[in-house]
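Per-entry structural report
So you can see what is in the structure, the chains are spelled out below.
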Amino acid sequence: MSTAEKYVTAAYCAVFAVVLVYVLIIALKVQRLEREVDELAGRAAAREPEPEERREPAVVG
Amino acid sequence: MLVTLALALVFFVAPNDADQGFSQRIFYFHVSIAITAYACFAGGASKALVHLWKRDPRADLESYVAVHQGVIFGSLVLVTGSIWAKISWGHWWLWSEDQLVLFLVLFLFYAAYFMLRFSVDPGPQRANMSAVYALFGVVLIPVSFMAIRLAKQAIHPVVFTLQGPKFGGWILVTYCVAQVAMLVLAYTLYRVELAGKRVDARVRELKEVLA
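Please read all numbers here as calculations on a predicted model, not as lab measurements.

Rules used throughout
- Residues numbered from 1 in each chain as written.
- Chains lettered and ligands numbered in written order.
- Predicted model: local features only at pLDDT ≥ 70, side-chain atom pairs only at ≥ 80, totals over all residues.
- Helix = DSSP H or I, 4+ residues; strand = E, 2+ residues; numbered from the N terminus.
- Buried ≥ 20, exposed ≤ 12 C-beta atoms within 10 Å, placed from the backbone.
- Contact = placed C-beta atoms within 7 Å.
- Axes fitted to C-alpha atoms, helices over the stretch in contact; angles between N-to-C directions.
- Parallel < 35°, antiparallel > 145°, perpendicular 65-115°, else oblique.
- Left-handed = near helix turned anticlockwise from the far one by under 90°.
- Nonpolar A, V, L, I, M, F, W, Y, C, P; charged D, E, K, R; others polar.
- Core = buried A, V, L, I, M, F, W, Y, C linked by C-beta atoms within 7 Å.
- Expected span 1.5 Å × (residues − 1).
- Arc of directions from axis to C-beta.

Points about the overall build of chain B
From N to C terminus, chain B includes 7 helices and 2 strands. Helices and strands appear in chain B in the N-to-C order α-α-α-α-α-α-β-β-α. Seen through its C-alpha atoms, chain B measures out along the principal axes to roughly 65 × 40 × 30 Å. Residue burial in chain B is summarised as follows: out of 211 residues, 35% are buried. Considering only residue pairs separated by 6 or more positions, chain B has 75% of its internal contacts joining residues 24 or more positions apart.

Looking at the overall build of chain A
Helix and strand content of chain A: 1 helix and 0 strands. In chain A, buried positions account for 5% of the 61 residues.

Regarding the packing of helix α1 (residues 2-13) of chain B against helix α7 (residues 169-210) of chain B
Residues and elements named next belong to chain B. Orientation of α1 relative to α7, taken along the N-to-C sense of each, is 155°, at an axis distance of 8 Å. With respect to each other, α1 and α7 are oriented roughly antiparallel. Every pair of crossing elements has a handedness; the one defined by α1 and α7 is left-handed. Between α1 and α7, the residues in contact are L2, V3, L5, A6, L9, V10 and V13 and W170, V173, T174, V177, A178, V180, A181, V184 and L185, respectively. Of the residues contributing to the contact of α1 with α7, the split by class is 15 nonpolar, 1 polar and no charged.

Comments concerning the packing of helix α2 (residues 26-54) of chain B against helix α5 (residues 124-137) of chain B
All names here are of chain B. Interaxial distance between α2 and α5 falls to 8 Å at its minimum, and their mutual angle equals 135°. On the basis of their axis angle, the class for α2 and α5 is oblique. Read as a crossing pair, α2 and α5 show a hand that is left-handed. Here α2 contributes F41, G44, A45, A48, L49, H51 and L52 to the contact with α5, which in turn contributes A127, N128, A131, A134, L135 and G137. Counted by class, the contact of α2 with α5 contains 9 nonpolar, 4 polar and no charged residues.

Some thoughts on the nonpolar core
Membership of the largest hydrophobic core comes to 49 residues, with the highest contact counts inside it found for B:I33, B:A37, B:V67, B:F73 and B:A178. The set of elements that each furnish at least two residues to this core consists of α1 (3-46) of chain A together with α1, α2, α3 (57-88), α4 (98-118), α5 and α7 of chain B. A per-element tally of this core places α2(B) first, with 13 residues. Non-local contacts of B:F73, meaning those with residues more than four positions away in its chain, are made with B:I33, B:T36, B:A37, B:C40 and B:A186.

Examining unusual backbone geometry
With a phi angle near 55°, B:R55 is a residue other than glycine that sits in the positive phi range. Looking at where B:R55 falls in the secondary structure, it is placed in the loop between α2 and α3.

Notes on the environment of B:V101
All names here are of chain B. Positionally, V101 belongs in helix α4. For V101, a count of 15 C-beta atoms within 10 Å gives the class partly exposed. Each C-alpha atom, one on V101 and one on A147, is 9.8 Å from the other, the two residues being 46 residues apart in sequence.

Regarding α4(B)
Residues and elements named next belong to chain B. Given a rise of 1.5 Å per residue, 21 residues ought to cover 30 Å, and the 31 Å separating the end C-alpha atoms of α4 matches this to within 8%. Along α4, the residues that are buried comprise Q99, L100, F103, L106, F107, Y110 and Y113. On an axial view of α4, the arc spanned by its buried residues comes to 135°, and they lie on one face. Among the exposed residues of α4, those pointing more than 90 degrees away from its buried face are L108, A112 and M115.

Next up, the structure:
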């Protein structure tokens, strides 16, 4: 491999590495968001619904 | 797929340059990444203008993400450019070259955007300040682009002139594919990052509601 070939390979590897790191960061962030959404869904499900008798009657129609 | 096609064209189809030989192959990605970085900064500035005009918080976020993309692609321009300079000129960097220094100024200007943005609490004031700053930076894009064309004694090659590109055939085809690939890649990453930031903001709102 000539010196020019080594440098060209290094340049393309640098581009690939930066894009890869960027995609990995985004993937980690999506993973974190997924965990947080699951946690929020769990919290929402754990909330007790308001008892029927406390609800004010509403006129329908 | 476009990036893969561009790589295949760069390494297996495009001929060796008569003057620079194999090292010229850096050009395909270096120039297309540079144009993409300019496009990202210009996009960020245009969204900043929309924000200042319509006071739309979505435009502020879009401007921020576009500038972020621009800085990432800008860093790649500096890295690939330095590697090419080492092969062709024997130096990693030349301070006497206006094109290089002006691109570095543009890059550092937008890198400082994040320092400004994160030194102010989130809210309309931060959005307005960031938008004004992003708009100021856009002036540097034509200056950086034209510097090499206006300089009398420059060793940085000029491949795009008013008379058109100084190459043709497979070199032009390969460059065009690489350029489209980089623009599509940048736009895809922009949409993904933007979607992530929007979901993040909604999750925070939901957390506050459920707290």
